[in-house]
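Secondary and tertiary structure notes
The lines below spell out each chain.
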Amino acid sequence: MYERGRELMLKINEIKKSFGKKAVLKGISAKFPQGKTTVIVGPSGSGKTTLLRSLDMLVTPDSGTLDFDDLHLDFAKPISNKENKELRDKTSMVFQNWNLFPNLTILKNITASPIFVHHVAKEQAETNAHNLLKEVGLDEYADAYPDELSGGQQQRISICRALAVKPEYILLDEPTSALDPESEMMILKMLERLAKEGQSMIMVTHNMQFAKDAADKILFVENGEVEFDGAKDAFFSQSSIRVKEFLQGISLK
Ligand SMILES: Nc1ncnc2c1ncn2[C@@H]1O[C@H](COP(=O)(O)OP(=O)(O)OP(=O)(O)O)[C@@H](O)[C@H]1O
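So, here is what we can say about the structure in this document. Only a predicted model underlies this, so the values are computations on that prediction, with no experimental measurement involved.

**With respect to the sheet that holds strand β7 (residues 169-173)**
- Spatial strand order, β6-β7-β8-β3-β9-β10: 6 strands in an open sheet with mixed pairing. Each having just a single partner strand, β6 (91-94) and β10 (225-231) make up the two edges of the open sheet. The average angle at which neighbouring strand axes cross in this sheet is 15°, direction not considered.
- As defined by bridge partners, β7 adjoins strand β8 (residues 200-204) across 5 bridges and the pair is classed as parallel.

Structural data, given as structure tokens:
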């Protein structure tokens, strides 16, 4: 049972994942504190997306454990549909290419999951959706279809869609990498606001400026292993040669 006052936390321990013979996650342990923004950084191909996807079982790890409130998953054993759903109910993923349903209006993209998965009354789901759309300045597009919106607007909608199910954690996989600089800035501002409001977030990004501005915690993953796990300030003042090399190799945009 969840004890009142206890800090909720998503935790993983010794997560391993291979694709064929390639070991992509080699025993990753980490904690993702609630109400905080954890940013996952690391070189290309280091396993960041695979790690993020493991957190809501879009990728099923081969072994290791995940703890989230009362939920305990041991990936070495079969995971039941009920456990899978319980984890999915607590998390919501925002993809790099937003992945909106092209044949549904913006309003329906946002309300589909609350209504059909979470059984929220239609009227309530639509009121919530309009409120979210107003917050991002896109309520006038409620009845439009995704292809009538720019990439930046669609990404704002996909964040609304993720928020509409009131997840405990939002997972974001390079949410701005497919956007023009102006749209990128708008999305980053939106995420910074959410971070300030205490929305728990875990985000994979190459944008070190966002990490500097909005992260509470940094997880630096290299070659399927955690190279650094700690507070943002410690990361950016890190004396580890590898972290320095990584930061020098990336221009702070
Ligand atoms: N479904 C899959 N099948 C086979 N190999 C995969 C699969 N998903 C990822 N990989 C491989 O796992 C490795 C890590 O991929 P991953 O996308 O997790 O890295 P990343 O750190 O997010 O990379 P990037 O920063 O370039 O997006 C890569 O070599 C990739 O080709």
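**Regarding the nonpolar core**
- Membership of the largest hydrophobic core comes to 59 residues, with the highest contact counts inside it found for I40, C160, L171, M201, I202, I218 and F220.
- Sorting elements by how many residues they give to this core places helix α5 (residues 151-164) first, with 6 residues.
- Those residues in contact with M201 that lie beyond four places of it in its chain are T37, Y169, I170, L172, L191, L194 and A195.

**Description of the packing of helix α4 (residues 122-135) against α5**
- Here α4 crosses α5 at 140°, and the two axes come no closer than 10 Å. As far as their axial angle goes, α5 and α4 are oblique. Our pair here, α4 against α5, has a crossing hand that is right-handed. Along its contact with α4, which presents N128, A129, L132 and L133, the element α5 presents C160, L163 and A164.
- Grouping the amino acids of the contact of α4 with α5 by side-chain chemistry returns 6 nonpolar, 1 polar and no charged.

Thresholds, definitions, all that
- Residues numbered from 1 in each chain as written.
- Predicted model: local features only at pLDDT ≥ 70, side-chain atom pairs only at ≥ 80, totals over all residues.
- Pairing = 2+ DSSP bridges.
- Helix = DSSP H or I, 4+ residues; strand = E, 2+ residues; numbered from the N terminus.
- Axes fitted to C-alpha atoms, helices over the stretch in contact; angles between N-to-C directions.
- Core = buried A, V, L, I, M, F, W, Y, C linked by C-beta atoms within 7 Å.
- Buried ≥ 20, exposed ≤ 12 C-beta atoms within 10 Å, placed from the backbone.
- Contact = placed C-beta atoms within 7 Å.
- Parallel < 35°, antiparallel > 145°, perpendicular 65-115°, else oblique.
- Left-handed = near helix turned anticlockwise from the far one by under 90°.
- Nonpolar A, V, L, I, M, F, W, Y, C, P; charged D, E, K, R; others polar.

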